[in-house]
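The primary structure of each chain is shown beneath.
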Number of protein chains: 2
Amino acid sequence: MRNVFHAQLDALSGGIADLCDRTGSAMNDATCALLQADVHAAEEVIEWHHDITYLSGLLEGDALTILARQAPVAGDLRAVVSALKDLADVRRMGALATHIARIGRLRHPAKAVPDEVEAYVAEMGRIAVQIAGDAKSVVLSRDPERAAQLGVDDEAMDELHRQLFSRVLSPTWAHGTVTAVDVTLLSRYFERFADHAVDIANRVIYQATGARQRE
Amino acid sequence: MRNVFHAQLDALSGGIADLCDRTGSAMNDATCALLQADVHAAEEVIEWHHDITYLSGLLEGDALTILARQAPVAGDLRAVVSALKDLADVRRMGALATHIARIGRLRHPAKAVPDEVEAYVAEMGRIAVQIAGDAKSVVLSRDPERAAQLGVDDEAMDELHRQLFSRVLSPTWAHGTVTAVDVTLLSRYFERFADHAVDIANRVIYQATGARQRE
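Read on for a plain summary of the structure. Since the structure is predicted, the reported quantities are computational estimates derived from the model, not experimental observations.

## Digging into the relation of the copies chain A and chain B
In screw terms, the move from chain A to chain B is a rotation of 180° and a rise of 0.0 Å along the axis, fitting with an RMSD of 0.0 Å. Look at the turn and shift together and you get a two-fold axis relating the two. Both copies contact each other with a shared surface, as 100% of the interface residues of chain A are interface residues in chain B too.

## A few points about helix α3 (residues 74-107) of chain A
For α3 of chain A, with 34 residues, the first-to-last C-alpha span of 50 Å sits near the 50 Å given by 1.5 Å per residue. With 24 of 34 residues buried, α3 of chain A lies mostly within the body of the structure.

## Quick notes on the layout of surface pockets
Take a probe with the size of a water molecule and roll it over the atoms, and the empty space left behind shows itself. Residues and elements named next belong to chain B. Considering only enclosed or pocket space, the second largest pocket measures out at about 280 Å³ in volume. Around the second largest pocket sit 18 residues that line it, and L9, S13, A79, R142 and Q207 are the ones nearest its centre. Listed by contribution, the elements that provide at least two residues to the lining of the second largest pocket are α1 (2-35), α3 (74-107), α4 (115-141) and α6 (176-209). Its residues assigned to classes, the lining of the second largest pocket shows eight nonpolar, six polar and four charged.

## Re the interface of chain A and chain B
Each partner contributes to the interface: chain A provides 30 residues, whereas chain B provides 30 residues. Summing both partners gives a buried area of about 2,400 Å² for chain A against chain B, and 68% of it is carried by carbon and sulfur. Taken together, the connections running from chain A to chain B amount to two salt bridges. Of the charged contacts, one joins K85 of chain B and E60 of chain A as a salt bridge, the two residues approaching to 2.4 Å between their closest N and O atoms. Seen at the junction of chain A and chain B, the total is two residue pairs in polar contact (both at pLDDT 80 or more). Mapped onto the side of chain A that touches chain B, the elements with two or more residues apiece are α2 (39-70), α3, α5 (144-169) and α6 (176-209) of chain A.

## Some remarks on the side chain of H196 of chain A
Residue and element names in this part refer to chain A. Structurally, H196 can be placed in helix α6. A relative accessible area of 9% means that H196 is categorised as buried. Dropping the residues within four chain positions of it, H196 is found in contact with D89, R92, M93 and L96.

## Quick look at empty space enclosed by the protein
Scanning the entire structure with this criterion turns up one cavity of 30 Å³ or more. Space inside the largest cavity adds up to approximately 40 Å³. What lines the largest cavity is L67, A71, P72 and L77 of chain A together with L67, A71, P72 and L77 of chain B. By residue class, the composition of the lining of the largest cavity is eight nonpolar, no polar and no charged.

Criteria and thresholds
- Residues numbered from 1 in each chain as written.
- Chains lettered and ligands numbered in written order.
- Predicted model: local features only at pLDDT ≥ 70, side-chain atom pairs only at ≥ 80, totals over all residues.
- Heavy atoms only, no water.
- Least-squares fit on C-alpha atoms with pLDDT ≥ 70 in both.
- Contact = heavy atoms within 4.5 Å.
- Helix = DSSP H or I, 4+ residues; strand = E, 2+ residues; numbered from the N terminus.
- Expected span 1.5 Å × (residues − 1).
- Buried < 20%, exposed > 50% of the residue type's maximum accessible area, 1.4 Å probe, protein only.
- 1 Å grid on protein atoms, 1.4 Å probe; cavity = no way out; pocket = protein on both sides within 12 Å on 5 of 7 lines; lining within 4 Å.
- Points joined across faces, edges and corners; volume = space filled by probe spheres on them.
- Nonpolar A, V, L, I, M, F, W, Y, C, P; charged D, E, K, R; others polar.
- Buried area = accessible area lost by both parts, 1.4 Å probe.
- Salt bridge = Lys/Arg side-chain N within 4 Å of Asp/Glu carboxyl O.
- Polar contact = N/O pair within 3.5 Å; in protein donor to acceptor, adjacent residues only side chain to side chain.

Have a look at this one:
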């Protein structure tokens with residue numbers, strides 16, 4: 001019984017890792033679509049999100065089946081409930097990637113992000129993609145030390161978020177209110193994307209060590 | 001066994017309803033603190049959020065205990081898993097209320113919201129408080145028709161969100177970039193608060209009818 005349970009839990013983790021991978025790809029494509037004002041790429045990101053939602057729904061069904069058939073307790077039960085929370089996080093990460101793609105699509109054929117702050121946005125996109133890849137590794141390895149690294153990457157994201165805010169709110173901002181609002185929302189979406197990946201990593205730390213991180 | 005299970009599930013629903021009530025109060029106080037530039041009220045909202053986080057953690061423990069001891073299946077299992085998702089939503093609703101209070105605190109002693117759009121923000125706050133109260137009623141009554149009403153209120157919130165955006169992005173906006181950014185984020189926080197309440201209501205509809213709403 002215990003072996004069946006762990007095989008099912010491993011399959012569930014594999015599915016969650018795959019979804020982390022897909023949200024990372026979606027974020028990569030969304031950032032490129034945004035920075036290159038590529039409306040077709042933006043629409044593909046939005047379209048692919050249906051796959052993420054659909055697959056996460058299937059995996060949620062698998063998690064419920066494990067709970068119903070195996071009736072796990074203690075750490076095993078927490079592992080399945082953590083998987084359910086992870087699925088909510090990856091769904092949200094996918095949705096945030098589509099929000100970024102939508103802002104790109106909305107301003108097409110113009111570029112939503114002015115040259116002055118393009119490097120910030122590109123770097124936020126790069127960190128977001130990296131952190132999604134790290135979340136995938138951590139879900140598969142269950143390594144709490146590797147999981148703790150996501151918190152470090154998230155600090156870099158938060159720092160970029162603060163710096164970008166300072167630029168937008170500076171008296172020298174010369175790109176008008178519409179662009180300020182776009183950049184503010186974009187920055188928020190990147191930051192929230194990273195937060196959800198960190199929440200996934202923190203559950204790995206909690207399950208391995210019992211130490212709860214901020215949520 | 002079944003009676004014990006339902007008594008425990010009712011207690012869990014009662015706790016979630018209480019947290020909906022608390023997030024509604026937090027949102028009411030956050031909106032007042034924001035519109036009146038009342039820094040002490042803003043700090044109370046931020047302080048009270050610890051209670052919401054703490055209580056939701058206790059209720060999550062109760063839900064895990066029910067899963068471990070009662071090993072529910074089918075609809076009973078889905079009810080407990082729904083309760084876990086509801087708890088994630090109320091935690092997030094509480095966090096969004098603190099975000100609104102923080103913007104008020106950040107701009108104190110000035111008002112973050114200019115007179116020109118104060119009526120929009122006040123109305124978004126009013127709808128948010130109402131929708132939290134409706135979520136409470138729906139969690140207690142499990143009434144799918146009443147739950148469907150939250151979607152209607154959420155449309156009113158979305159419409160205000162669009163109208164406020166139009167004002168901020170209009171060429172006649174005369175309150176500068178900082179205020180535009182504040183108002184954009186505030187509008188987003190109110191809208192997301194309502195979305196989470198609707199997610200809670202949609203789970204009641206799904207459990208009662210099997211019909212899944214958008215998430």
